[in-house]
Every structure is written in structure tokens, then in C-alpha cells.
2 protein chains.
Amino acid sequence: MKKNMNISSAVILRMPRYYRCIDELYRDNCIRVSSGTLAQRLGLTASQIRQDFSCFGEFGQQGYGYNVKKLRYEIQEILGINNNYTAILVGCGHLGHALINNFDFEKCGFTLTAVFDADETIIGTTIGNYQVRHGKDLDFYLESFQPDTAVLTVPGDVAHEVAERLAQHGIRGIWNYTNCDLHISNPDIKVENVVLIDSLLNLSYKISEKSE
Amino acid sequence: MKKNMNISSAVILRMPRYYRCIDELYRDNCIRVSSGTLAQRLGLTASQIRQDFSCFGEFGQQGYGYNVKKLRYEIQEILGINNNYTAILVGCGHLGHALINNFDFEKCGFTLTAVFDADETIIGTTIGNYQVRHGKDLDFYLESFQPDTAVLTVPGDVAHEVAERLAQHGIRGIWNYTNCDLHISNPDIKVENVVLIDSLLNLSYKISEKSE
């Protein structure tokens, strides 16, 4: 597949939603789907969807729609889901704990390989299928196993220090739950911030809109 | 302020990001800001920002830009941040625990008033400033105090049952962390789903784009 490299960030931001919708159709044994049906399910217009997909090359056919299996595969390729990325998790407090136990890393194409914490009372304990490793061993692990990404769920006051250690040892991406803006000197290291505030503000808008 | 009621959902989805940016400027004692500066900080175009803000009525002036304090207030009004909504949290497992301890409800204009769980071993214990209440008392609490919203952090297998109880007792919005699609019979009750998968897929895209 040939990618058009001038894809707007707005299109990229819609891709995960497309993926979830198409993955669901795929799991429901759906063979093909029209842009109209996708539009209805996603609350967008059909022309928007056709336009978005055309940025990545044409994979729909007029009058037929999209082949679900092919479309799913193409979006997996676009989003890198087929790249088998590895992830470690640093910070096994309540949030880290919840992610280890409940987040479906595999659905995103990620394999969680190890989890770390600095708290002596939980090092060596087991969370899900993972034995919590000592934070001191993080650098050695990074050098030895070169995980692609790290889930950062440490307290804010150590966020920068840990992020720099991850960066120095070749991590490629950080999934950042710390609420800190990470200023990493290496621009090749990608950071995705999880900002839960936006989601609660969306709810606030919905209920205030209703009451007017 | 007069609202244009045909605001696209895409504009609404950008509003929380605008708010965080403008709130930061406000806290840095910034008096005014141009659409160009906002565009740079947000990775959007200036014309996009002007167009988005014009949906809600004109509050910028050509050659001057936007008054930060006024803009912040207007966006607070749009998003309902000034409405002093109350919230309860149901499900004090690891995720609920993390939200109670670390999430800044006040920044979104919400006051967390009570937290509930069904697990006898944690009922009565204290998390942050909250004593965990018995899940059995939820209906009575809802009737007595009529909280506006609920944060739903219960396990998936009881998500629907709890959501229906919340709905029956007049909750107006649910911030849903359960990964379940809640089918609530009352369409006036708004649900905001927290979907962390999209965020990790964004990171996946960023690192796979880089490697090409």
C-alpha cells in the first residue's frame, strides 16, 4: 500500500475509531460494508469516510463498498498494529495495576513483556501474569531486551527522570499517564499523552447542552 | 452568549483541548492571545481556530486577538465547567482508586461527593478524602442527594446493572470506564466512554510512521 505522506492529523485521529468499528464488523463475520453504513455507526458522513480512506490509497469499490477483511488489514498496517510492538510498564501503583489487569494490549498489537516498580513492598509480587521487577533493573532490561514502548504510570515527581532513562536506552514510544508534559531531548521518541480531562469535559458539555 | 445550535461534533471534540491551552495561558497571566499563537500551540491552523470559535459567537477582535480571561470564561460556559456538577464514583478497585487519588475533578468543574463499592473488605476504608460507602446504599444516596453524574469503574459483568440503577434514580451523565457499551433506555442520560485503545493506537501509528 502506498501512503500519501500529507495526511492531516485529524484523519489520523479518526483511524483508531474506524479500526474499532471495522474490527467489530470483522468479528461479527461481516464480509463487506458501505461508507454509508460506516458513517451511520460512527456518526460521520459517508463522504468524510471515503475522503479519509482515500488519503491512504483507494481500497473501496463504487457500488460494492469496502471488503471488511481487507479494510481491517489495511488499517492495521496504517496504524502499525501488525508490527508486533513490545511494551513494558513502569509504575505498578493503582493505575498501573488496573492497566496490567484489564487493558487489552493485544487488541492494539502490543505485547506487554515486563512491569517495574520502585516500591520494595510490591517488587517480586505478581500482578496478572507479571512478577513486578525492581526499578533498578530497568536500564539493564532495556539494554538487553530493547522493548519498543513503555507505559509510564509513575508518580509525577519522577516522571521526567524515568522518561529520560527510557529515552537513553532506546525506547521508541512512551504512553504517558503521568499528566506531565515530557520534554525528551530526542525528537525521534514519540509520546502519547493520556488526557482524561478532555473526556470528562465532553460529558460536561453533553449534560449542559441537554439542560439548556 | 448566543450559541449556534448546529455545531459539528468535531468542533465540540476540539473544545476541551482549547480549554486546557487557554487555561494554561490564563494561569501564566497572559492577557491576550492571537489565533496564530493558539494554532501553533495546538498544531492546528489559525483559520480553523477562528472558524471553530465563530460557531459559538464572535469573541475575537481583528488585530487584537482574543482576551484570554474572557475566552476562558466563554469556553467554560460552553463546556458547562461553571455549572458546578457533582459526581459520585462507583467501583473502588485499582482504577477507581487511581481516579479518586489523582484525577483533578475540580479542574473540570466537578465535585466528587461520594464513592461506593460492593466489596465488604474495602467498605468503610478511606481513599483520599472519601470513606468508601456500601453499594447497597447507592439508591438511597442517589435519591437523597441527586448527584449529576457518576464515574463508572465497576467490573464489566455488573456494568449494565449498576448503570440502570444510576439511570433509574436520576443521574444525568455517566463517565464510563467499563469498556461496555451501555444501552440505557432513557436517551436523556448521556454517556461518555473512556476508550484507552485509541490512544495506544495513536502511539503505534507515530512509531510505525517514524520507522518507514
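Fair warning: this is a prediction, and the values are worked out from it, not measured in the lab.

Scoring rules and cut-offs
- Residues numbered from 1 in each chain as written.
- Chains lettered and ligands numbered in written order.
- Predicted model: local features only at pLDDT ≥ 70, side-chain atom pairs only at ≥ 80, totals over all residues.
- Heavy atoms only, no water.
- Contact = heavy atoms within 4.5 Å.
- Buried area = accessible area lost by both parts, 1.4 Å probe.
- Salt bridge = Lys/Arg side-chain N within 4 Å of Asp/Glu carboxyl O.
- Polar contact = N/O pair within 3.5 Å; in protein donor to acceptor, adjacent residues only side chain to side chain.
- Helix = DSSP H or I, 4+ residues; strand = E, 2+ residues; numbered from the N terminus.
- Nonpolar A, V, L, I, M, F, W, Y, C, P; charged D, E, K, R; others polar.
- Pairing = 2+ DSSP bridges.
- Least-squares fit on C-alpha atoms with pLDDT ≥ 70 in both.
- Buried < 20%, exposed > 50% of the residue type's maximum accessible area, 1.4 Å probe, protein only.
- Axes fitted to C-alpha atoms, helices over the stretch in contact; angles between N-to-C directions.
- pLDDT = per-residue confidence, 0-100.
- Left-handed = near helix turned anticlockwise from the far one by under 90°.
- Phe/Tyr/Trp six-rings, centres within 6.5 Å; stacked < 30°, edge-to-face > 60°.

*Asks:* Mind showing me how you'd approach the interface of chain A and chain B here?
*Replies:* For interface size, the figure often reported is the accessible area lost on association. Between chain A and chain B, the residue contacts involve 54 residues of the former and 54 residues of the latter. For the pair chain A and chain B, the summed buried area comes to about 5,400 Å², and 66% of that belongs to carbon and sulfur atoms. Run the count over chain A and chain B and you get four salt bridges. Inspection of the chain A/chain B interface yields 22 residue pairs in polar contact (both at pLDDT 80 or more). Broken down by secondary-structure element, the contributors of at least two residues to the side of chain A that touches chain B are α1 (9-27), α4 (68-79), α5 (94-102), β9 (173-176), β10 (190-193) and α8 (196-210) of chain A. Among the elements that line the side of chain A that touches chain B, the one with the most residues is α8 of chain A, at 14 residues. Of the residues in the side of chain A that touches chain B, the class split is 30 nonpolar, 12 polar and 12 charged.

*Asks:* Just checking my understanding: could you explain the sheet that holds strand β4 (residues 85-90) of chain A for this structure?
*Replies:* Two modes of strand pairing occur in sheets, parallel and antiparallel, and in both the strands are linked by backbone hydrogen bonds. All names here are of chain A. If you walk across this open sheet you meet the seven strands as β6-β7-β5-β4-β8-β9-β10, and the pairing is mixed. Each having just a single partner strand, β6 (126-127) and β10 make up the two edges of the open sheet. Two strands pair when backbone bridges link them, and β4 and strand β5 (residues 110-117) are joined in this way by six bridges, in the parallel orientation. Each bridged residue has a counterpart across the sheet, and for Ala 87 the counterpart in β5 is Leu 112.

*Asks:* Please explain the relation of the copies chain A and chain B as it appears in this structure.
*Replies:* Think of it as a corkscrew move, a rotation about one axis and a shift along it, taking one chain copy to the other. Mapping chain A onto chain B calls for a rotation angle of 180° and an axial translation of 0.0 Å; the resulting RMSD is 0.0 Å. The symmetry that links the two subunits is that of a two-fold axis. Rotation axis and chain A: the residue whose C-alpha lies nearest the axis is His 94 of chain A, separated from it by 2.3 Å. Most of the interface of chain A is mirrored in chain B: 100% of its interface residues are interface residues there too.

*Asks:* How should the pattern of salt bridges be read in this particular structure?
*Replies:* Two side chains carrying opposite charge are able to pair once their charged atoms lie near each other. Per the counting criterion, the structure on display carries 18 salt bridges over all chains. Between Asp 198 of chain B and Arg 20 of chain A there is a salt bridge whose closest N-O contact spans 2.6 Å. Of this pair, Asp 198 of chain B sits in helix α8 (residues 196-210) while Arg 20 of chain A sits in helix α1, placing the two residues on different chains. Note on Asp 198 of chain B: relative accessible area 14%, which makes it buried.

*Asks:* Mind showing me how you'd approach the sheet that holds strand β1 (residues 32-33) of chain A here?
*Replies:* Residues and elements named next belong to chain A. With antiparallel pairing, the three strands of this open sheet are ordered in space as β1-β3-β2. What marks the edges here is a single partner per strand, and that holds for β1 and β2 (60-61). Strand contacts of α4: β1 and β3 (65-67), with the helix running at about 75° to β3, the strand carrying the most contacts.

*Asks:* Even after reading the chapter, I still don't get the environment of Val 132 of chain B, so can you show me in this structure?
*Replies:* Residue and element names in this part refer to chain B. Among the secondary structure elements, Val 132 is positioned in strand β7 (residues 130-134). Along the backbone, Val 132 and Ala 118 are 14 residues apart, and their C-alpha atoms lie at a distance of 9.4 Å. Discounting chain neighbours no more than four positions away, the residues touching Val 132 are Cys 92, Val 115, Phe 116, Asp 117, Ile 122, Ile 123, Gly 124, Thr 125 and Ile 127.

*Asks:* Sorry, what's going on with the confidence of the model for chain A here?
*Replies:* In regions of low pLDDT, the predicted coordinates are not meant to be interpreted in detail. Per-chain confidence: chain A averages 91 in pLDDT, with 95% of residues scoring 70 or above. Reported confidences for the modelled complex are a pTM of 0.86 and an ipTM of 0.92.

*Asks:* Can you walk me through the packing of α1 of chain A against α4 of chain A in this structure?
*Replies:* For any two helices packed against each other, the geometry comes down to the angle between their axes and how far apart the axes lie. Residue and element names in this part refer to chain A. At a minimum axis distance of 9 Å, the contact between α1 and α4 shows a crossing angle of 145°. Every pair of crossing elements has a handedness; the one defined by α1 and α4 is left-handed. Residues Met 15, Pro 16, Tyr 18, Tyr 19, Ile 22, Asp 23, Leu 25, Tyr 26 and Arg 27 of α1 touch α4, and the partners they reach there are Val 68, Lys 69, Leu 71, Arg 72, Ile 75, Gln 76 and Leu 79. For the contact of α1 with α4, the per-class residue count stands at 11 nonpolar, one polar and four charged.

*Asks:* In this structure, what is going on with the packing of aromatic side chains? I would like to understand it.
*Replies:* Think of a pair of aromatic rings as described by two things: how far the centres are apart, and how the planes are tilted against each other in angle. All names here are of chain A. According to the stated counting rule, one finds 18 aromatic pairs over all chains in the structure shown. An angle of 85° between the planes, with centres 6.3 Å apart, marks the rings of Phe 105 and Trp 175 as edge-to-face. On the criterion of sequence distance, the pair formed by Phe 105 in the loop between α5 and β5 and Trp 175 in strand β9 is long-range, its members being 70 residues apart. The same class applies to Phe 105 as to Trp 175, namely buried.

*Asks:* For this particular structure, what's the right way to read the pairing of β7 of chain B?
*Replies:* Two faces, one strand: in a regular strand the side chains alternate between the faces of the sheet. All names here are of chain B. Both strand β5 (residues 110-117) and β7 contribute to a ladder of three bridges, which runs parallel. Paired with Phe 116 across the two strands is Arg 133, which belongs to β7. When strand β6 (residues 126-127) meets β7, the two strands line up antiparallel, connected through two bridges. Bridging from a neighbouring strand, Thr 126 pairs with Gln 131 of β7. Counted along the chain from β6 to the antiparallel partner β7, the turn is two residues long, and its residue Gly 128 has a positive phi close to 60°.

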